[in-house]
Amino acid sequence: MSDWLTAIENDTQASVLVTVALVEGSGPREAGAKMRVTLDGQMDTIGGGHLELRAVEIAKTMLATADTHARLERFALGPSLGQCCGGVVHLAFEYVDASLHALLAALRERRQQDSWRLTALDGEPASALFDVAGRLIAGTGEQAPDTFSRERATHVAQGSEGRRWLVDPCLAPRAHLTLFGAGHVGAAIVRALAHLPCNITWVDEREDMFPAQLPDNVRIAATDTPEEFVAMAPPGGSFLVMTHSHALDQRLTQAIMEREDAGWFGLIGSHTKRKQFEHRLQARGVPDERIAAMVCPIGMPGIRNKAPAVIAASVACQLLMVWEEAAAAALAAPLRLASASAPPRRPIRAAIHPL
């Protein structure tokens, strides 16, 4: 989980939360990126450079003067800031008082669920956290707009009363990897993905192979029937097979091939291993197009070093490319979220505030 959120759990220092509210043109980070600033330092980043330096200065001034009012600041990334991105970035500054601290604690508990965070950028401090059905989870919901857009990324909207609000989707990671094998390479891959926006189900028969400390985005499954976790994976989920047994690799590969909704599938091994598996899969009637989609050997082309850490870095790049392509496709055809128990909130009727 990002430092900006977990750090709030670890201490009670006064802090300011800085969020990229809107990016026009080119910017160092996307809308929704955040950092937390205290008088002693900062956690996470909004892209570095002079923009971040200036944001830290503003946040520390708010802390030094106990200015609890949220604010929105516009920064042109040109000569005045010493950055050549050429775009315009709008930053929201929120003083983390007791109310916002409680809201972020609730958000931390909902890290595997989609949430929408609203913060007033004008007037008295007010913030609220909503679930996918538009139900209030935490904060001062009676002051938040009755309607808001849930189909957009982080943005600033204007309510019917003219008050501006930061609308900040805090969505659960969409990328999921089911990793079979807790050997040296498997462990290195888990470390490489520890701070990336994904969830990992790590499966092995040997319970003693798992480390005592695990990243927050990893769940382990010590089981004698690992094939069951192929069926349990979410639709479109990624699979990576690297067990201690070629026979088990074969069984898992067969099970993955039988899932028509499986996503990216990587199998550790050489070109010779691939040929052997191809022949066996063809003999079992697996369609050629499914076999062709199997990635074996794994890793980025041109990287030949077989040290576990190198393989892990290469595979992490490969997975990020797959996941970012899937995320871009989802943005190109956004799905409207709905709930059976309550109707979704309608998009906010007022125009987006002209920043």
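Just above, that's the structure.
Note that the structure is predicted; figures quoted are calculated from it, not measured.

**Side note on the sheet that holds strand S14 (residues 238-241)**
In space, the five strands of this open sheet follow the order S13-S12-S11-S14-S15, with parallel pairing throughout. Where the open sheet ends on each side, the last strands, each with one partner, are strand S13 (218-222) and strand S15 (265-267). Recorded for the sheet is a direction-independent mean angle of 15 degrees between the axes of neighbouring strands. Where strand S11 (residues 175-180) and strand S12 (residues 198-204) come together, six bridges link them in parallel fashion. When the sheet's bridge partners are listed, Phe180 is paired in S12 with Val203. Across the sheet, helix H6 (residues 246-257) is in contact with S11, S14 and S15; its angle to S15 comes to roughly 165 degrees.

**Brief notes about the pattern of salt bridges**
This structure, assessed with the given rule, holds 16 salt bridges. Among the salt bridges present, the one from Arg54 reaches Glu57, with a minimum N-O distance of 3.3 Å. You can see Arg54 and its partner Glu57 sitting in helix H2 (residues 49-64), three residues apart, about one turn around the helix. Judged by its relative accessible area of 36%, Arg54 is partly exposed. With a shortest N-O distance of 3.7 Å, Arg111 and Asp216 are connected by a salt bridge. Of this pair, Arg111 sits in the loop between helix H3 (98-109) and strand S6 (115-120) while Asp216 sits in the loop between S12 and S13, and the two are 105 residues apart along the sequence. Take Arg111: its relative accessible area is 23%, and that puts it in the partly exposed class. Its relative accessible area of 43% is what places Asp216 among the partly exposed residues.

**Examining the pairing of S12**
Across the seven residues of S12, seven count as buried, placing the element largely inside the fold. Across the two faces of S12 the burial is the same, with Cys198, Ile200, Trp202 and Asp204 and Asn199, Thr201 and Val203 all buried. At this point the chain moves from S11, through helix H4 (residues 184-192), to the parallel S12, and the crossover so formed is right-handed.

Reading the values: rules and limits
Residues numbered from 1 in each chain as written. Predicted model: local features only at pLDDT ≥ 70, side-chain atom pairs only at ≥ 80, totals over all residues. Heavy atoms only, no water. Pairing = 2+ DSSP bridges. Helix = DSSP H or I, 4+ residues; strand = E, 2+ residues; numbered from the N terminus. Axes fitted to C-alpha atoms, helices over the stretch in contact; angles between N-to-C directions. Contact = heavy atoms within 4.5 Å. Salt bridge = Lys/Arg side-chain N within 4 Å of Asp/Glu carboxyl O. Buried < 20%, exposed > 50% of the residue type's maximum accessible area, 1.4 Å probe, protein only. Right-handed = clockwise from strand over helix to strand, strands pointing away.

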